[in-house]
Amino acid sequence: MRVGATSWRKLNHPTKRFEHGHRRRGVAECLADSRETQCSHASPPHDIAHISRIEEEVLQKTSLEPKDDLAPVSLSEVQTLVKSLNTRKAPELDGIHKPGKTRDLPASYRPISLLSGLGKLFEKILKTRFSDPLLGKGLVIDEQFGFRPAHSCPQQVLRLVKYVSEGFETERSPVAVFFDVAKAFDRVWHAGLIYKLYSLQVPDRLIFIIQNYLANKHFTFRHERTHSTRRLIRAGVPQGSTLSLLYSAYTNDVPRPSSSGVQLALFADDTALFTEIGIGAPDSPSSPPEGH
């Protein structure tokens, strides 16, 4: 897989800040360094013993012969999926500057890689077999509105807006806390994901395919006519892809509020907790007196 940029005018003429510490390496190598760091595990590890236990258990399970099988891919299925591919999008490299970020830092750019037609076809076939055990059996929690049929971000926003509007009509005050996970898709721990797929009782053979699809992936970063050295992707799942549903599986065990007065809203990696305070609010304290 390649990720990179074709025309970044700001990086064509690096500033002194960008050049500092990187004078002996090309721009492509600097950008590849940044991307390699993003697609790696958090450092240092929070719990080495836990990580070792999970990785050992995953290695043991994936070394066994799969107990089940998957439906074969038919010619008609391939033909239908091929027709659904966007023929106007060919494999290209591009880089997008993140709004509000300093333009002279490598981490301020989001690398984009469009899959080839064959890669898109494979992901679509894989998704049809992955969605059935995960979505068809209702294994994804109700609060998650991302990557699900008949669910969308506007619907989740409407749910929150309705809750706030109803609170304004009473003596209760709505309160919400919003969370943003940095590098959410890029930092997904592969062994942890496979472990959770087994916990969700996803078919063994499907887990085996997903594990092999994510393992040993490499990338090079292209800037103009220069390519970086080949780098290993140690963590992460596809973002903006048909397989982004893997992120929902990874975060499906997010702690859900135990109090009946607190509600949870999820859309992919965006999270909100909201409740009400004031007279008559369920399981919540009264508003503090004035002057406090």
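Residues numbered from 1 in each chain as written. Predicted model: local features only at pLDDT ≥ 70, side-chain atom pairs only at ≥ 80, totals over all residues. Heavy atoms only, no water.

The protein chain appears in an unreviewed UniProt entry as Probable RNA-directed DNA polymerase from transposon BS from Eumeta variegata.

Engineer: Looking at this model, I keep getting lost on the overall build of the protein chain. Mind explaining?
Structural biologist: For the protein chain, the helix and strand inventory stands at 10 helices and nine strands. With 292 residues in all, the protein chain has 37% of them scored as buried. Looking at the protein chain alone, contacts between residues at least 24 apart form 72% of all its contacts between residues at least 6 apart. With an accessible surface of roughly 17,800 Å², the protein chain has 55% of that area assigned to carbon and sulfur atoms. (Helix = DSSP H or I, 4+ residues; strand = E, 2+ residues; numbered from the N terminus. Buried < 20%, exposed > 50% of the residue type's maximum accessible area, 1.4 Å probe, protein only. Contact = heavy atoms within 4.5 Å. Areas by Shrake-Rupley, 256 points an atom, 1.4 Å probe, with all protein chains shown as cover.)

Engineer: I would appreciate a short explanation of the side chain of Glu123 in the present structure.
Structural biologist: Inspection of the secondary structure puts Glu123 in helix α6 (residues 117-136). Here Glu123 occupies a buried position and makes no salt bridge, while the nearest side chain of opposite charge, Lys217, is found at 5.1 Å. Contacts of Glu123, omitting those with residues within four sequence positions, involve Leu115, Tyr213, Pro238, Ser241, Thr242 and Leu243. (Lys, Arg positive; Asp, Glu negative; His and termini not counted. Salt bridge = Lys/Arg side-chain N within 4 Å of Asp/Glu carboxyl O.)

Engineer: Looking at this structure, I do not really get the environment of Cys30. What am I missing?
Structural biologist: In this structure, Cys30 sits in helix α3 (residues 27-38). In the structure, Cys30 is positioned 77 residues away from Ala107 in sequence and 9.5 Å away in space, judged by C-alpha atoms.

Engineer: Would you take a moment to explain the pairing of strand β5 (residues 217-223) for this structure?
Structural biologist: Every regular strand shows the same layout, with side chains that alternate between the two sheet faces. Bridge count for β5 against strand β7 (residues 231-233) is three bridges, and the pairing is antiparallel. Opposite Lys217, over in β7, you have Ile233 as the bridge partner. Where β5 and strand β6 (residues 226-227) come together, two bridges link them in antiparallel fashion. The partner of His223 across the bridge, within β6, is Thr226. A loop of two residues connects β5 with β6, the two strands running antiparallel in sequence, and Glu224 in this loop sits at a positive phi of about 55 degrees. (Pairing = 2+ DSSP bridges.)

Engineer: Looking at this model, I keep getting lost on α6. Mind explaining?
Structural biologist: Residues separated by three or four positions in an α-helix point in the same direction, a consequence of the helix having 3.6 residues per turn. In this model α6 runs 27 Å from its N-terminal to its C-terminal C-alpha over 20 residues, within 8% of the 28 Å that 1.5 Å per residue would give. For α6, the complete set of buried residues consists of Gly119, Lys120, Leu121, Glu123, Ile125, Leu126, Arg129, Phe130, Ser131, Pro133 and Leu134. Those residues of α6 that are buried are in contact with α5 (75-84), α8 (190-199), α9 (204-214) and α10 (245-250). (Expected span 1.5 Å × (residues − 1).)

Engineer: When you look at the nonpolar core in this model, what are you seeing that I'm missing?
Structural biologist: One recurring pattern in soluble globular proteins: nonpolar side chains tend to sit buried together. In this structure, Phe130, Leu193, Leu197, Ile210 and Val237 are the most contacted members of the largest nonpolar core, which totals 30 residues. Elements that contribute at least two residues to this core include exactly α4 (48-62), α6, α8, α9 and α10. Among residues more than four places away in sequence, those in contact with Ile210 are Leu126, Phe130, Leu197 and Leu246. Counting seven residues, the second-largest nonpolar core is a separate cluster that includes Cys39, Phe219, Phe221 and Ile233. (Core = buried A, V, L, I, M, F, W, Y, C linked by side-chain atoms within 4.5 Å.)

Engineer: Quick question: what am I supposed to make of the packing of α4 against α8 here?
Structural biologist: Two packed helices can be described by the angle between their axes and the distance between those axes. Interhelical geometry of α4 versus α8 gives an angle of 60 degrees and a closest axis separation of 9 Å. Between α4 and α8, the angle is such that the two are oblique. For the element pair α4 and α8, the recorded crossing hand is left-handed. When α4 is examined against α8, the residues Arg53, Ile54, Glu55, Glu57, Val58, Lys61 and Thr62 are found in contact with a partner set consisting of Ala191, Gly192, Ile194, Tyr195 and Tyr198. Tallied by class, the residues present in the contact of α4 with α8 amount to six nonpolar, two polar and four charged. (Axes fitted to C-alpha atoms, helices over the stretch in contact; angles between N-to-C directions. Parallel < 35°, antiparallel > 145°, perpendicular 65-115°, else oblique. Left-handed = near helix turned anticlockwise from the far one by under 90°. Nonpolar A, V, L, I, M, F, W, Y, C, P; charged D, E, K, R; others polar.)

Engineer: I'm lost on the confidence of the model for the protein chain in this one. Help?
Structural biologist: The predicted model of the protein chain averages 79 in pLDDT, with 81% of residues at 70 or higher. Least confident of the elements in the protein chain is strand β1 (residues 2-5), whose mean pLDDT is 40; most confident is α8, at 94. Under a pLDDT of 50 for its full length, residues 17-24 has, in the predicted model, 11 contacts with residues more than four places off or in other chains. In the predicted structure, residues 284-292 sits below a pLDDT of 50 and forms seven contacts with residues beyond four places in sequence or in another chain. (pLDDT = per-residue confidence, 0-100.)

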